[in-house]
Amino acid sequence: MTTEVHKPWQNEKVAKLLEAMLQGTILEIKPQLNVQSELGFSFPSVNQLLNITDKEAVAILESLAEEGILVKKFFDKFLHCPQCGSMNLRPVYCCPKCGSGNIIRGRVLEHLVCKYASTEDEFLFKGRLVCPKCKQELHTVDADYRSLGVLYKCHGCEEIFNQPTIKWSCLKCSSITVGGKIAEVDAYSYSLNKEKRNWLQFEIKPKARLLQFLQSRGYEVKENVRVKGGSGAEHAFDILATRDDGIVLHNIAIGVEVTDKPLSLEKVFGFDDKTYDTGIRDKVLIAIPGVAPEASRFAARQRIKILESKNLEPFLASSIFPPIAREPETELERVPFHFKSRSELISDLQNRGYEIKENTKIIGRSGAEHSIDILATRDDGIVIYNIIIAIEITDKPIGIDKVFDFDDKAYDCGIFDKVLIAVPSLTPEASRFAQRQRIKVFEAETLELESR
Ligand SMILES: [Zn+2]
Ligand SMILES: [Zn+2]
Ligand SMILES: [Zn+2]
């Protein structure tokens, strides 16, 4: 069972934006005040490039920031009228006690004799300081009067205060909104996360070409796939390429590792482990910039194809127009096995791009020599497939011993794709064994043995 997760940069527009940022055409995406916009600001550089609304732009930028691809910085706060959305607001300073707008700001004096306090100009009388309440003259600071500093005074209720309340007056709909109720929108600027640069560089361009390459070869491609392994654990694969050519089903697990130093043995080991647990035998690991020597040796031993920076470009360049003969572009439909004769099967395999060797011999790992009915080999540019095919024709159901021998032979030859053509059929016991050993069985009532 597999699940595919879509990433934001797989969207065409997002990819275009990121490409511009990688190239340096756009360095930092900054918001700009725009009263026409529903948000109150726009990102002109994004709008110019992609022709999308400001809300869409924010959604894209935010999703990229969430993925850690972009770094966002607070830029400005934009205020809107909660009634009509207008940004055409004027602040009004008011008394925090009675709400009156009739307030003044100035140096406030307190007459210590009668405790009356007010702004300095209220005390000024013909060039002298006189208390407007008790009419006594003020003489010495900090003796009969003191300065409370620069404060506000309300003419409505006489309150003296430090900070006035701010209300917003909307010039569009005339409504008044208290400070806490105003609609605020924070705007951020966005720039590329330097640490993700190399990774993104692969993700945007070569990866797309790799996917095209796989698709052109008839693979169904899924990205960011989770596959449940035999152990019960779920494993994530960057790319899973699947191709059912009607004879065998091929899965290629492709891992992508972009690091700042050569990829460690541990990482390659981890990848190999995942493929083992999920039963995927064709393994490709893209390591940018490359792999450490011991990791490279391990990969070779475990038949993991490694593509490093230095060979990725040539690989992709050579594979844009696949020079594979006899391979129709659209052959995704599953072809049932319906061959009347051995030669029909062989020509079908040849049509699918397999090279055929008949009645051939292979020396196995044990040193024993095995005769093989049909060996089909296909190099599709990314992996080499070998299929071992045996044809058993008898007049009664074929028993487990024959199947066992075939499986053993394939194992000794190191071939995992096993096809057994059984005429007329297998015994139930043999059939169960074949299934367990992942031998693909075709039962055919007859198979013409024509002279070739
Ligand atoms: Zn006084
Ligand atoms: Zn007041
Ligand atoms: Zn308004």
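It should be emphasised that the depicted structure is a prediction, and the values quoted were computed from it without experimental measurement.

### Brief notes about the overall build of the chain
Stage number 1. Counting secondary structure elements, the chain contains 12 helices and 25 strands.
Stage number 2. Against the globule reference of 22 Å for 452 residues, the chain gives a C-alpha radius of gyration of 39 Å, more extended than a compact globule.
Stage number 3. Each of the three principal axes of the chain carries a C-alpha extent, and together these read 135 × 45 × 45 Å.
Stage number 4. Within the chain, the fraction of its 452 residues that count as buried is 44%.
Stage number 5. When contacts within the chain are restricted to residue pairs at least 6 apart in sequence, long-range pairs at least 24 apart make up 61% of them.
Stage number 6. Carbon and sulfur atoms form 50% of the exposed surface of the chain, whose accessible area is close to 24,700 Å².
Stage number 7. On the chain, the mean spot of the 61 positive side-chain charges and the mean spot of the 65 negative ones are 7 Å from each other.

### With respect to the nonpolar core
Stage number 1. In terms of nonpolar packing, the biggest core is built from 73 residues, with Leu18, Leu210, Leu214, Ile286 and Ile382 touching the most fellow members.
Stage number 2. The biggest single contributor to this core is helix H1 (residues 12-23), with seven residues.
Stage number 3. The contact partners of Ile382, leaving out residues within four places of it in the chain, are Leu210, Phe213, Leu214, Ile252, Ile254, Val284, Lys305 and Phe315.

### Focus on the coordination of the zinc ion (ligand 2)
Stage number 1. Taken together, Cys95 (SG), Cys98 (SG), Cys154 (SG) and Cys157 (SG) make up the protein donors of the zinc ion (ligand 2), found 2.2 to 2.6 Å from the metal.
Stage number 2. Around the zinc ion (ligand 2), the four donor atoms are arranged such that angles at the metal cover 103 to 121 degrees; this shape is classified as tetrahedral.
Stage number 3. Ordering the donors of the zinc ion (ligand 2) by residue number gives the pattern C-x2-C-x55-C-x2-C. On the criterion of sequence distance, the pair formed by Cys95 in the loop between strand S6 (89-94) and strand S7 (103-111) and Cys154 in strand S11 (residues 145-154) is long-range, its members being 59 residues apart.
Stage number 4. According to the relative accessible area criterion, Cys154 is buried, its value standing at 0%.

### Remarks on the sheet that holds strand S12 (residues 160-161)
Stage number 1. Pairing in this open sheet of four strands is antiparallel, and the strands run S8-S7-S11-S12 from one edge to the other. Each having just a single partner strand, strand S8 (116-119) and S12 make up the two edges of the open sheet.
Stage number 2. Here nine bridges tie S7 to S11, and the two strands are oriented antiparallel to one another. If you follow Gly106 over to S11, its bridge partner there is Leu151.

### Observations concerning the domain arrangement of the chain
Stage number 1. Annotation of the chain at the domain level lists domain 1 (2-81 + 183-192), domain 2 (96-163), domain 3 (205-318) and domain 4 (342-443).
Stage number 2. Between domain 3 and domain 4, the C-alpha centre-to-centre distance is 26 Å.
Stage number 3. On the domain 4 side, the residues contacting the 20 residues of domain 3 number 19 residues.
Stage number 4. For the domain 3 and domain 4 pair, buried surface summed over both sides reaches about 1,700 Å², with 54% attributable to carbon and sulfur atoms.
Stage number 5. On inspection of domain 3 and its partner domain 4, the count reaches one salt bridge.
Stage number 6. Taking the shortest distance from any N to any O, the salt bridge between Arg281 and Asp417 comes out at 3.0 Å.
Stage number 7. Along the contact surface separating domain 3 from domain 4 lie three residue pairs in polar contact (both at pLDDT 80 or more).
Stage number 8. At the level of secondary structure, the elements contributing two or more residues to the side of domain 3 that touches domain 4 comprise helix H6 (206-216), strand S18 (249-258) and strand S19 (282-288).
Stage number 9. Its residues assigned to classes, the side of domain 3 that touches domain 4 shows 10 nonpolar, three polar and seven charged.

Rules used throughout
- Residues numbered from 1 in each chain as written.
- Chains lettered and ligands numbered in written order.
- Predicted model: local features only at pLDDT ≥ 70, side-chain atom pairs only at ≥ 80, totals over all residues.
- Heavy atoms only, no water.
- Helix = DSSP H or I, 4+ residues; strand = E, 2+ residues; numbered from the N terminus.
- Rg over C-alpha atoms; globule rule 2.2 N^0.38 Å.
- Buried < 20%, exposed > 50% of the residue type's maximum accessible area, 1.4 Å probe, protein only.
- Contact = heavy atoms within 4.5 Å.
- Areas by Shrake-Rupley, 256 points an atom, 1.4 Å probe, with all protein chains shown as cover.
- Lys, Arg positive; Asp, Glu negative; His and termini not counted.
- Charge placed at Lys NZ, Arg CZ, Asp CG, Glu CD.
- Core = buried A, V, L, I, M, F, W, Y, C linked by side-chain atoms within 4.5 Å.
- Donors = N, O, S within 2.8 Å, 3.2 Å for Na, K, Ca; no water.
- Tetrahedral: all angles 85-135°; square planar, octahedral: opposite > 155°, others 65-115°.
- Pairing = 2+ DSSP bridges.
- Domains from an automatic or database assignment.
- Buried area = accessible area lost by both parts, 1.4 Å probe.
- Salt bridge = Lys/Arg side-chain N within 4 Å of Asp/Glu carboxyl O.
- Polar contact = N/O pair within 3.5 Å; in protein donor to acceptor, adjacent residues only side chain to side chain.
- Nonpolar A, V, L, I, M, F, W, Y, C, P; charged D, E, K, R; others polar.

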